[in-house]
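Residue strings, one per chain:
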Amino acid sequence: MQQDPKALSSSHRKGAACKIPMPRPSAGCFAQSAQLLYHAHPFPPPHSLMNTLPKHTLSVAPMLDWTDRHYRYMARQITRHTWLYTEMVNAGAIVFGDPDRFLARNECENPVALQLGGSEPNLLAQAARKAAEYGYDEINLNCGCPSPRVQKGAFGACLMLDAPLVADCLNAMQDAAPDTAVTVKHRIGIDRQTEYAPLADFVGHLVRHTPCRTFVVHARNAWLDGLSPKENREVPPLRYELVYRLKQEFPDLEIIINGGIRTNEDIALHLQHVDGVMVGREAYHNPFVMHDWDRLFYREKQPAPERDEIVQRLYEYAQQQLSKNQGTILRHMARHYLGLLHGLPKARVWRRMLSDADLLRPNRPELILQAWQACGGNGTAQP
Ligand SMILES: Cc1cc2nc3c(=O)[nH]c(=O)nc-3n(C[C@H](O)[C@H](O)[C@H](O)COP(=O)(O)O)c2cc1C
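What you see is a predicted model; the values in this text were computed from it and never measured.

A closer look at the sheet that holds strand β5 (residues 181-190)
- Read around the closed barrel, eight strands run β1-β2-β3-β4-β5-β6-β7-β8, paired in parallel fashion. Across the sheet, the mean angle separating the axes of adjacent strands is 30° when strand polarity is ignored.
- With three bridges joining them, strand β7 (residues 254-258) and strand β8 (residues 276-279) adopt parallel strand pairing. Bridge pairing in β8 links Ile256 to Gly276.
- Running at roughly 160° to strand β3 (residues 112-117), helix α7 (residues 121-133) makes contact with β3 and β4 (138-143) of the sheet.

Here's what the structure looks like:
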């Protein structure tokens, strides 16, 4: 669900009351600020964005160094409807660096979201404006990354401790890119805090003060002290019930759940409670898991391509990228394709050939077809 950013008057930011759907108060303990929200929540009316953008029933998570445009190209060959997220890009890198380096993408990627990292409204606004020019459908603010480097820059997960600043950032981004959806990705809490109230307060504040209506929630706390980013994706326990509760108490929001979700059965289960599921590592290590997503979750009638057709498209893509002579080498693409045969008997041969430095060095796209044929590929994929 996306709402009209333009319909958000200045009264919205002040939290003025209006007669539009309210979050449903639940029985029992309900965060005080969420109670307040019940009386003062000004949902803007629906807007064309809401009708034109596909639903976030499924999305592939933003993953630094992994979900670059070459990975996204492959993912888009497997699923037409799933949302794809870029890696997190620092707003400053776009504003002060070469925007093309960070924002260039393939035409076929939509629906695609750019994830920004930052905490300076002005910088984020400039980056958001650029992103809109590059045709991103959505701009997502990272409030979930726990890495020490990001903490040093006072953004990522530590932003969950400063909802007013996040609101300023989201509003600045939305003002700069009024026709692009602005969303947020965050955790369920910070450090060892286990209550629901701070999470509801964070979301409630953003709902009252910004046009953001889509919340991607990684169902783990971020422990800011002593865990590496990798450990922070594994050690803090998953608590899906908190995300379900957010959806119950804010039924008009689009709530996307993330964290530890791997199978179509898991996805179907979560979709009974929330609007969408975001899958990260499984979609990277086993991209073919996405093969049935359009049919199962978007009611797509047209069958998704099988591996031989995907390999053929990857080969043609590699050919085209290499012929541009813009610095892309075969390894930049092939490293993302290693998981494509995950679970098949010859997966190891595929992985070995596509990661072999000697085979990759000549930059010949035919290596993709050779690896496929060495795995017993049926020859549909042709040079
Ligand atoms: C290599 C890697 C890089 C990541 N980079 C980002 C990032 O740039 N922005 C972000 O919000 N989350 C990032 N994440 C976290 C994922 O988006 C996701 O929240 C997390 O992996 C949990 O989902 P999963 O269990 O389905 O993998 C990253 C995860 C991995 C494995």
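Having seen the structure, we can now continue with the description.
Thoughts on the UniProt feature "binding site: FMN" (unreviewed entry) in the chain
- UniProt annotation of "binding site: FMN" (unreviewed entry) refers to Pro62, Met63, Leu64, Gln115, Lys185, His218, Asn258, Gly259, Gly260, Gly280 and Arg281 when read in the numbering used here.
- Exposure remark for Gly259: the 24 C-beta atoms within 10 Å place this residue in the buried category.
- Other than its neighbours up to four places away in sequence, Gly259 contacts His218, Ala219, Arg220 and Leu238.
- Within the element layout of this structure, Gly280 appears in the loop between β8 and α13 (281-285).
- The class of Gly280 is buried, set by 22 C-beta atoms lying within 10 Å.
- Apart from residues lying up to four places away in sequence, Gly280 is in contact with Ala61, Met63 and Asn258.

So, the site of the ligand
- Residues in close proximity to the ligand total 23 residues, the closest being Ala61, Leu64, Met88, Gly280 and Arg281.
- Elements with a minimum of two residues in the shell around the ligand: β2 (83-90) and α13.
- Counted by class, the shell around the ligand contains nine nonpolar, eight polar and six charged residues.

Focus on the packing of helix α9 (residues 163-176) against helix α10 (residues 197-209)
- Contact geometry of α9 with α10 gives a least axis separation of 9 Å together with a crossing angle of 40°. Once α9 is placed against α10, the crossing between them reads as right-handed. Packed against α9, whose contacting residues are Ala163, Val166, Ala167 and Leu170, the element α10 presents Asp201, Phe202, His205, Leu206 and His209 at the interface.
- Taken together, the residues that form the contact of α9 with α10 break down as six nonpolar, two polar and one charged.

Some words on the UniProt feature "site: Interacts with tRNA" (unreviewed entry) in the chain
- As recorded in UniProt, the feature "site: Interacts with tRNA" (unreviewed entry) lies at Asn142, Lys230, Arg233, Arg348 and Arg351.
- Assignment of secondary structure puts Lys230 in the loop between β6 (214-222) and α11 (240-249).
- Judged by local crowding, Lys230 falls into the exposed class, with 9 C-beta atoms found within 10 Å.
- Its place among the elements puts Arg348 in helix α17 (residues 347-354).
- Overall, the presence of 11 C-beta atoms within 10 Å leaves Arg348 in the exposed class.

What about helix α19 (residues 366-374)?
- Those residues of α19 not exposed but buried are Ile368, Leu369, Ala371 and Trp372. Buried positions in α19, seen along its axis, are confined to an arc of 160° and lie on one side of it.
- Where α19 is buried, its residues contact α15 (307-323), α16 (330-334) and α17.
- Trailing α19 by a residue or two, Gly376 shows a phi angle of about 85°, which is positive.

Concerning unusual backbone geometry
- The omega angle of the peptide bond from Asn110 to Pro111 is 0°, so this bond is cis rather than trans.
- Along the chain, Pro111 turns up in the loop between α6 (99-103) and β3.
- Positioned with a positive phi, Asn363 is a non-glycine residue whose angle comes to about 60°.
- Within the fold, Asn363 resides in the loop between α18 (357-360) and α19.
- Of the residues examined, Asn363 has 12 C-beta atoms within 10 Å and is grouped as exposed.

Re the nonpolar core
- Counting 97 residues, the largest nonpolar core has Leu124, Ala128, Ile139, Met173, Val217 and Val243 as the members making the most contacts within it.
- Considering every element that reaches this core, the biggest residue donor is α9, with seven residues.
- No fewer than three residues from each of domain 1 (58-298) and domain 2 (307-375) sit in this core.

Let's talk about the packing of α7 against α9
- At their nearest, the axes of α7 and α9 sit 8 Å apart, and the two run at 35° to each other. Seen from above, α7 lies across α9 with right-handed handedness. Along the contact surface, α7 presents Pro121, Asn122, Leu124, Ala125, Gln126, Ala128 and Arg129, while α9 presents Asp168, Cys169, Ala172, Met173, Asp175 and Ala176.
- The class makeup of the residues in the contact of α7 with α9 is eight nonpolar, two polar and three charged.

Conventions and cut-offs
- Residues numbered from 1 in each chain as written.
- Predicted model: local features only at pLDDT ≥ 70, side-chain atom pairs only at ≥ 80, totals over all residues.
- Pairing = 2+ DSSP bridges.
- Helix = DSSP H or I, 4+ residues; strand = E, 2+ residues; numbered from the N terminus.
- Axes fitted to C-alpha atoms, helices over the stretch in contact; angles between N-to-C directions.
- Contact = placed C-beta atoms within 7 Å.
- UniProt positions renumbered as here; feature names shortened; annotations may be inferred.
- Buried ≥ 20, exposed ≤ 12 C-beta atoms within 10 Å, placed from the backbone.
- Near = placed C-beta within 6 Å.
- Nonpolar A, V, L, I, M, F, W, Y, C, P; charged D, E, K, R; others polar.
- Left-handed = near helix turned anticlockwise from the far one by under 90°.
- Arc of directions from axis to C-beta.
- Core = buried A, V, L, I, M, F, W, Y, C linked by C-beta atoms within 7 Å.
- Domains from an automatic or database assignment.

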